[in-house]
Amino acid sequence: MTDSGSWVSLFSGGKDSSWALYRALERGLSVSRLLTVHPGEESYMYHVPETRLTGLAAESIDIDLVEVEPDDLGAADADDASTQGDREIEPLEAALSTLQTELSDGLTGVTAGAVESEFQTSRIQAMCDRLGIDLFAPLWQRDPVELGHEMLDAGFDIRIVQVAAGGLDESWLGRTLDADAFSDLQRLNQEYGVHVLGEGGEFETLVTDGPHMRRPIELSYETVWEGTRGHIHVTDARLGDT
């Protein structure tokens, strides 16, 4: 893998993509763009909730953001996961291909926050192979409990913005993923099989502050509960003081 040249961070604002970005910056990779795909209400490949907040995150991190607005990805009506995953990677690949020609020193590679999803990672790797660029995936196949502790120890402020699993009720919406919450997730892993990092879609997150951010994201929100799952609806978001 080549460390020099321009890198693009595949960025949703959640903890995994934020950690991949953070580790890339720690390593000295020149990340010149963040890239967010706004997939609509459902997706097989992409983080869905509150992706619009990546604009504030990018401002705080001080890296330019590229936003990809695909047509309806059709995930709600898909009957073949493999075909759908291939379809969803197309707008991302097109955006990266454009960046290859726009960046003055070309595109060396992308960062990705995949932990265990072969479905996502295999498609991102195949895309990188087609584009002739590298993939930096520092979370890949790491122990999830160790990763969670590393994020907290680094000073990441992580909010839970969506839940969809047994044991995760409305009280988790908006909850800070601190040491106590992480301990509760490990207990729920034993009782319900909840993945401690939400890799099975059990929950989604938003990083509101961290060592790579100059100003925290402050939120006002409402909770939306639908019986067995729910999400927060952000009513106002802003950057706080340093």
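Above this text sits the structure in question.
Residues numbered from 1 in each chain as written. Predicted model: local features only at pLDDT ≥ 70, side-chain atom pairs only at ≥ 80, totals over all residues. Heavy atoms only, no water.

**A look at the sheet that holds strand E3 (residues 64–68)**
And step 1. Pairing is parallel in the open sheet, where 5 strands are placed in the order E3-E2-E1-E4-E5. For this open sheet the edge positions go to E3 and strand E5 (134–136), each flanked by a neighbour on one side alone. When strand polarity is set aside, the average angle formed by the axes of neighbouring strands in this sheet is 30°.
And step 2. Sheet topology note: the strand E1 (residues 6–10)/strand E2 (residues 30–37) ladder contains 5 bridges and is parallel. Looking across to E2, one finds that Trp7 is bridged to Val31.
And step 3. Across the sheet, helix H3 (residues 81–102) lies against E1, E2, E3 and strand E4 (107–111), angled at about 150° from E2, the strand it touches most. (Pairing = 2+ DSSP bridges. Helix = DSSP H or I, 4+ residues; strand = E, 2+ residues; numbered from the N terminus. Axes fitted to C-alpha atoms, helices over the stretch in contact; angles between N-to-C directions. Contact = heavy atoms within 4.5 Å.)

**Some remarks on empty space enclosed by the protein**
And step 1. Applying the stated criterion across every chain yields a total of 1 cavity of 30 Å³ or more.
And step 2. There is about 30 Å³ of room inside the largest cavity.
And step 3. Lining the largest cavity are Gly148, Met151, Leu152, Ile158, Leu177, Phe182 and Leu197.
And step 4. Classifying every residue of the lining of the largest cavity by side-chain character gives 6 nonpolar, 1 polar and no charged. (1 Å grid on protein atoms, 1.4 Å probe; cavity = no way out; pocket = protein on both sides within 12 Å on 5 of 7 lines; lining within 4 Å. Points joined across faces, edges and corners; volume = space filled by probe spheres on them. Nonpolar A, V, L, I, M, F, W, Y, C, P; charged D, E, K, R; others polar.)

**Observations regarding the packing of helix H5 (residues 144–153) against helix H6 (residues 179–192)**
And step 1. Running from amino to carboxyl end, H5 crosses H6 at an angle of 170°, the nearest separation of the two axes being 11 Å. The angle between the axes of H5 and H6 places the two elements in the roughly antiparallel class. In this structure, H5 uses Pro144, Val145, Gly148, His149 and Leu152 to contact H6, whose residues at the interface are Ala179, Phe182 and Gln186.
And step 2. Partitioned by chemical class, the residues of the contact of H5 with H6 number 5 nonpolar, 3 polar and no charged. (Parallel < 35°, antiparallel > 145°, perpendicular 65-115°, else oblique.)

**Focus on the environment of Leu56**
And step 1. Examined against the element boundaries, Leu56 turns out to sit in helix H2 (residues 54–61).
And step 2. When the C-alpha positions of Leu56 and Arg238 are compared, they lie 7.2 Å apart, and in sequence the two are 182 residues distant.

**Section: the pairing of strand E8 (residues 217–225)**
And step 1. Pairing between E8 and strand E9 (residues 230–239): 9 bridges, direction antiparallel. Along E9, the bridge assignment pairs Glu222 with His233.

**What to know about the packing of aromatic side chains**
And step 1. Inspection of the entire model under this criterion finds 3 aromatic pairs.
And step 2. Residues Trp19 and Phe156 carry aromatic rings whose centres are separated by 5.3 Å and whose planes lie at 70° to one another, so their mutual orientation is edge-to-face. Of this pair, Trp19 sits in helix H1 (residues 15–27) while Phe156 sits in the loop between H5 and strand E6 (157–163), and the two are 137 residues apart along the sequence.
And step 3. Under the relative-accessibility criterion, Trp19 is labelled buried at 3%.
And step 4. Residue Phe156 is classed as buried on the basis of its relative accessible area, which comes to 6%.
And step 5. Arranged with centres 5.6 Å apart and planes meeting at 70°, the rings of Tyr22 and Phe156 form a pair that is edge-to-face. With Tyr22 in helix H1 and Phe156 in the loop between H5 and E6, this pair connects stretches of sequence that are 134 residues apart. (Phe/Tyr/Trp six-rings, centres within 6.5 Å; stacked < 30°, edge-to-face > 60°. Buried < 20%, exposed > 50% of the residue type's maximum accessible area, 1.4 Å probe, protein only.)

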